[in-house]
Amino acid sequence: NEILVYPNPSASSVSINFEMQKAGDVTIQIYNYLGKQVASFQRNSIGEGAGTITFSTKDLQPGMYIGKFISSGGRISTFRLTWSK
């Protein structure tokens, strides 16, 4: 049930690998270290098994961020991200 984030640190985009126990929707929320949500991504109808979500980091300021992975099956995981330019 590990979340794998790469490349980390990232300069332009990041991929998040995860394992779905059953098919469903996934939401990724990105927060700065002050706790403000700065980005959110949702993907619907992801099948059971391995999944990947890739998104651009070009609109974020360089720094460290906390990510939250939320699946419609009730799984919630957090991870750290670093953006650099």
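Quick summary incoming for the structure in this document. These figures come from a predicted structure and were not determined experimentally.

Below, the discussion takes up the environment of threonine 54. As for its position among the elements, threonine 54 is in strand E5 (residues 49-56). Threonine 54 gets classed as partly exposed once you look at its relative accessible area, which sits at 43%. On a C-alpha basis, the gap between threonine 54 and tyrosine 6 in space is 9.5 Å, while along the polypeptide they are 48 residues apart. What threonine 54 contacts, discounting residues up to four positions off in sequence, is Ser13, Val14, Ser15 and Arg43. Only 2.8 Å separates the side chain of threonine 54 from the side chain of serine 15, close enough to count as a polar contact.

A word on the sheet that holds strand E7 (residues 76-83). Spatially, 4 strands are ordered E4-E3-E6-E7 in an open sheet, and the strand pairing comes out antiparallel. Lying at the two open borders of the sheet, with one neighbouring strand each, are strand E4 (37-46) and E7. Across this sheet, the average inter-strand angle for adjacent strands is 20°, counted without regard to direction. As paired strands, strand E3 (residues 24-32) and E4 are joined by 7 bridges and run antiparallel to one another.

A word on empty space enclosed by the protein. Counted under the stated rule, the structure contains 1 cavity of 30 Å³ or more. Roughly 30 Å³ of internal volume is contained in the largest cavity. Lining the largest cavity, in full, are Ser10, Ala11, Thr57, Lys58, Leu60, Pro62, Trp83, Ser84 and Lys85. By residue class, the composition of the lining of the largest cavity is 4 nonpolar, 3 polar and 2 charged.

The subject of this paragraph is the pairing of strand E2 (residues 13-20). The pairing of strand E1 (residues 4-6) with E2 spans 3 bridges and is classified as antiparallel. By the bridge assignment, tyrosine 6 is partnered in E2 with serine 15. Count of turn residues in the E1/E2 antiparallel hairpin: 6 residues. Two strands pair when backbone bridges link them, and E2 and E5 are joined in this way by 8 bridges, in the antiparallel orientation. Its bridge partner being in E5, asparagine 17 is matched across the sheet by threonine 52.

Scoring rules and cut-offs
Residues numbered from 1 in each chain as written. Predicted model: local features only at pLDDT ≥ 70, side-chain atom pairs only at ≥ 80, totals over all residues. Heavy atoms only, no water. Helix = DSSP H or I, 4+ residues; strand = E, 2+ residues; numbered from the N terminus. Buried < 20%, exposed > 50% of the residue type's maximum accessible area, 1.4 Å probe, protein only. Contact = heavy atoms within 4.5 Å. Polar contact = N/O pair within 3.5 Å; in protein donor to acceptor, adjacent residues only side chain to side chain. Pairing = 2+ DSSP bridges. Axes fitted to C-alpha atoms, helices over the stretch in contact; angles between N-to-C directions. 1 Å grid on protein atoms, 1.4 Å probe; cavity = no way out; pocket = protein on both sides within 12 Å on 5 of 7 lines; lining within 4 Å. Points joined across faces, edges and corners; volume = space filled by probe spheres on them. Nonpolar A, V, L, I, M, F, W, Y, C, P; charged D, E, K, R; others polar.

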